[in-house]
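# Descriptive structure summary
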Amino acid sequence: MAYTINEDCISCGACEAECPVNAISEGDGKYVIDAATCIDCGACAGVCPVDAPQG
Ligand code: SF4
Ligand code: SF4
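Source: prediction; values computed, not measured.

## Overview of the overall build of the protein
If you tally the helices and strands in the protein, you get two helices and four strands. Counting from the amino terminus, helix and strand elements in the protein follow one another as β-α-β-β-α-β. Taking 55 residues into account, the globule formula puts the C-alpha radius of gyration at 10 Å, and the protein, at 9 Å, falls close to it. A fraction of 53% describes how many contacts in the protein between residues 6 or more apart in sequence connect residues 24 or more apart. With the model as given, the accessible surface of the protein reaches about 3300 Å², and the carbon-plus-sulfur share is 47%.

And the structure:
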């Protein structure tokens, strides 16, 4: 089960650099996680200021 980024994302970009498998990229209005690449580590949730990544 991959993490997903919800609509609370403010596109700060902090999570992108933290992802060990480069699963996060900037999408349309918010950042997005590639479900096929995400290994469920939770690092993105740990740095997000608005709790947008949900596992
Ligand atoms: Fe990347 Fe881990 Fe977040 Fe998945 S849970 S997107 S692997 S940082
Ligand atoms: Fe969006 Fe949170 Fe990632 Fe910032 S850290 S881009 S607010 S999901």
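Let's pick the thread back up.
## A look at the side chain of lysine 30
Topologically, lysine 30 is positioned in the loop between strand S2 (24-26) and strand S3 (31-33). Despite its burial, lysine 30 pairs with no opposite charge; the closest candidate is glutamate 7, at 4.6 Å N-O. Engagement of the side chain of lysine 30 in a polar contact is seen with the backbone oxygen of isoleucine 5, the distance being 2.8 Å.

## Considering the site of ligand 2
Neighbouring ligand 2 are 14 residues, the closest being Cys9, Cys12, Gly13, Cys15 and Cys48. Looking at the shell around ligand 2 residue by residue, the classes come out as twelve nonpolar, two polar and no charged.

## Things to note about the nonpolar core
The biggest cluster of nonpolar side chains holds 14 residues, and the ones touching the most others in it are Ile5, Cys15, Ile24, Tyr31, Ile33, Cys38 and Cys44. Setting aside residues no more than four positions away along its own chain, isoleucine 5 makes contact with Cys15, Ile24, Lys30, Tyr31, Val32, Ile33, Ala52 and Pro53.

Parameters at a glance
Residues numbered from 1 in each chain as written. Chains lettered and ligands numbered in written order. Predicted model: local features only at pLDDT ≥ 70, side-chain atom pairs only at ≥ 80, totals over all residues. Heavy atoms only, no water. Helix = DSSP H or I, 4+ residues; strand = E, 2+ residues; numbered from the N terminus. Rg over C-alpha atoms; globule rule 2.2 N^0.38 Å. Contact = heavy atoms within 4.5 Å. Areas by Shrake-Rupley, 256 points an atom, 1.4 Å probe, with all protein chains shown as cover. Buried < 20%, exposed > 50% of the residue type's maximum accessible area, 1.4 Å probe, protein only. Lys, Arg positive; Asp, Glu negative; His and termini not counted. Salt bridge = Lys/Arg side-chain N within 4 Å of Asp/Glu carboxyl O. Polar contact = N/O pair within 3.5 Å; in protein donor to acceptor, adjacent residues only side chain to side chain. Near = heavy atom within 4 Å. Nonpolar A, V, L, I, M, F, W, Y, C, P; charged D, E, K, R; others polar. Core = buried A, V, L, I, M, F, W, Y, C linked by side-chain atoms within 4.5 Å.

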